[in-house]
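One-letter residues, chain by chain:
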Amino acid sequence: MTHNINLLFWLACTFGTYSTMLLLYRRADSTPFLHPVVTSSALIIGLLLWSDVSYSNFRSYTWILSEGLELATVAIAIPLYRERKRLAAVWRPFVLALGAATLINLSVAFLVGWGLKLNDVSLMSLMTKSVTTPVAIGISDLIGGNASLVAVIVISTGIIGAMLGPWLLTRWQVQDPVALGLALGTLSHGVGTARAFQISPAAGAFAGLSMAICAILTSLVLPSLIAAWL
């Protein structure tokens, strides 16, 4: 009985907090630093600390949300199917841009880590920054990264990209949904894809496709590059 009450309470808190922060974000004209992922996460963390509830318990109460995310990820195929004509028209430059973006992501991560003189474990963890968390952790196991550090880096990358990416793209007058989706999907993976859907269904569809292909390319290329380098 107590477990069911806690389950309902934390589900309601999570839904209510995110919905409220999303409303605030929209009313504030999508101010980057009020992104609902950031503000709602901060509030939930504060509530967990105040109520002395561990993350493992919180996760057991809200497991249905994690399951729903898997279904939502698969559901991205539906808006992509609706954009199949647009994809057929732009697939060549799209694939080339996506390949270039993946290589740039890896190069920038390496140069930043090398410039900061990170140790090998930290550098390998940083190299996975633009791949969705489950894939990034799998890659890190192959190249010698740290799973916990990978999770922090990947989630931080997604949040920062979703916060600042649309703002920068607007300032640079990038309006094409294919370009918007490609940028947010390759840079900010799942969080960026969710943000792209807030811009338009087309941008969200291409962000989801970009996220998936970027993950595949990185999982194929990065371990081979590291093996050759070592």
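Nothing here was measured: the structure is a model prediction, and the numbers come from that model.

## Notes on the overall build of the protein
Inference 1: Looking only at helices and strands, the protein has 11 helices and zero strands in total.
Inference 2: Reading the protein from its N end, one meets helices and strands in the order α-α-α-α-α-α-α-α-α-α-α.
Inference 3: Taken against the 2.2 N^0.38 rule, which gives 17 Å for 230 residues, the C-alpha radius of gyration of the protein at 19 Å falls within 12% of a compact globule.
Inference 4: By its C-alpha atoms, the protein is 55 × 45 × 30 Å across when sized along the principal axes.
Inference 5: By the burial criterion, 38% of the 230 residues in the protein qualify as buried.

## Topic: the side chain of Ser130
Inference 1: Residue position: Ser130 is located in the loop between helix 7 (120–126) and helix 8 (133–143).
Inference 2: A distance of 2.9 Å separates a polar atom in the side chain of Ser130 from a polar atom in the side chain of Lys129.
Inference 3: With residues near it in sequence (within four places) discarded, Ser130 still touches Asn105, Thr157, Thr186, Leu187, His189 and Cys214.

## Here we look at the layout of surface pockets
Inference 1: As a volume, the largest pocket reaches approximately 2,300 Å³.
Inference 2: Lining the largest pocket are 47 residues, and of these Val37, Leu65, Ser66, Leu69 and Val191 sit closest to its centre.
Inference 3: Elements with a minimum of two residues in the lining of the largest pocket: helix 1 (2–27), helix 2 (36–51), helix 3 (55–61), helix 4 (63–75), helix 8, helix 9 (147–171), helix 10 (177–199) and helix 11 (201–229).
Inference 4: Considering every element that reaches the lining of the largest pocket, the biggest residue donor is helix 4, with nine residues.
Inference 5: Tallied by class, residues from the lining of the largest pocket come to 26 nonpolar, 17 polar and four charged.

## Side note on the packing of helix 6 (residues 84–115) against helix 10
Inference 1: At their nearest, the axes of helix 6 and helix 10 sit 10 Å apart, and the two run at 35° to each other. Considering only the axes of helix 6 and helix 10, their crossing is right-handed. Across from Arg86, Val90, Phe94, Ala97, Leu98, Ala101 and Asn105 in helix 6, the residues of helix 10 making contact are Pro177, Val178, Leu182, Thr186 and Leu187.
Inference 2: Here the contact of helix 6 with helix 10 is composed, by residue class, of nine nonpolar, two polar and one charged.

## Structural notes on the pattern of salt bridges
Inference 1: Under the definition given, this model contains one salt bridge.
Inference 2: One salt bridge connects Glu83 with Arg86, and the closest N-O pair in it is separated by 2.9 Å.

## Side note on the nonpolar core
Inference 1: Among the nonpolar cores identified, the biggest contains 16 residues, and Met124, Val131, Ala136, Ile139, Ile143, Leu222 and Ile226 are the most heavily contacted of them.
Inference 2: Elements that contribute at least two residues to this core include exactly helix 6, helix 7, helix 8, helix 9 and helix 11.
Inference 3: When near neighbours in sequence (up to four residues on either side) are disregarded, Val131 contacts Ala136, Ile139, Val154, His189, Ala215 and Thr218.
Inference 4: Counting nine residues, the second-largest nonpolar core is a separate cluster that includes Phe94, Val178, Ala205 and Phe206.

## Points about empty space enclosed by the protein
Inference 1: Under the criterion given, the structure shown has one cavity of 30 Å³ or more.
Inference 2: Taken as a whole, the largest cavity holds about 40 Å³ of empty space.
Inference 3: Every residue lining the largest cavity is listed: Thr102, Asn105, Leu106, Met127, Lys129, Ser130, Val131, Cys214 and Thr218.
Inference 4: Breaking the lining of the largest cavity down by element, the ones donating at least two residues are helix 6 and helix 11.

## Re the side chain of Lys129
Inference 1: Residue position: Lys129 is located in the loop between helix 7 and helix 8.
Inference 2: Buried and without a salt bridge, Lys129 has Asp120 as its closest oppositely charged side chain, separated by 19 Å.
Inference 3: Not counting residues within four places of it along the chain, the set of residues in contact with Lys129 comprises Asn105, Ala109, Ile153, Val154, Thr157, Leu187 and His189.

## Things to note about the environment of Gly138
Inference 1: Residue position: Gly138 is located in helix 8.
Inference 2: It is 8.5 Å that separates the C-alpha atoms of Gly138 and Ser219, two residues lying 81 residues apart in sequence.

## Description of the environment of Leu7
Inference 1: In this structure, Leu7 sits in helix 1.
Inference 2: The exposure class assigned to Leu7 is buried, which follows from its relative accessible area of 18%.
Inference 3: With 50 residues separating them in the primary sequence, Leu7 and Asn57 have C-alpha atoms 9.6 Å apart.

Conventions adopted
Residues numbered from 1 in each chain as written. Predicted model: local features only at pLDDT ≥ 70, side-chain atom pairs only at ≥ 80, totals over all residues. Heavy atoms only, no water. Helix = DSSP H or I, 4+ residues; strand = E, 2+ residues; numbered from the N terminus. Rg over C-alpha atoms; globule rule 2.2 N^0.38 Å. Buried < 20%, exposed > 50% of the residue type's maximum accessible area, 1.4 Å probe, protein only. Polar contact = N/O pair within 3.5 Å; in protein donor to acceptor, adjacent residues only side chain to side chain. Contact = heavy atoms within 4.5 Å. 1 Å grid on protein atoms, 1.4 Å probe; cavity = no way out; pocket = protein on both sides within 12 Å on 5 of 7 lines; lining within 4 Å. Points joined across faces, edges and corners; volume = space filled by probe spheres on them. Nonpolar A, V, L, I, M, F, W, Y, C, P; charged D, E, K, R; others polar. Axes fitted to C-alpha atoms, helices over the stretch in contact; angles between N-to-C directions. Left-handed = near helix turned anticlockwise from the far one by under 90°. Salt bridge = Lys/Arg side-chain N within 4 Å of Asp/Glu carboxyl O. Core = buried A, V, L, I, M, F, W, Y, C linked by side-chain atoms within 4.5 Å. Lys, Arg positive; Asp, Glu negative; His and termini not counted.

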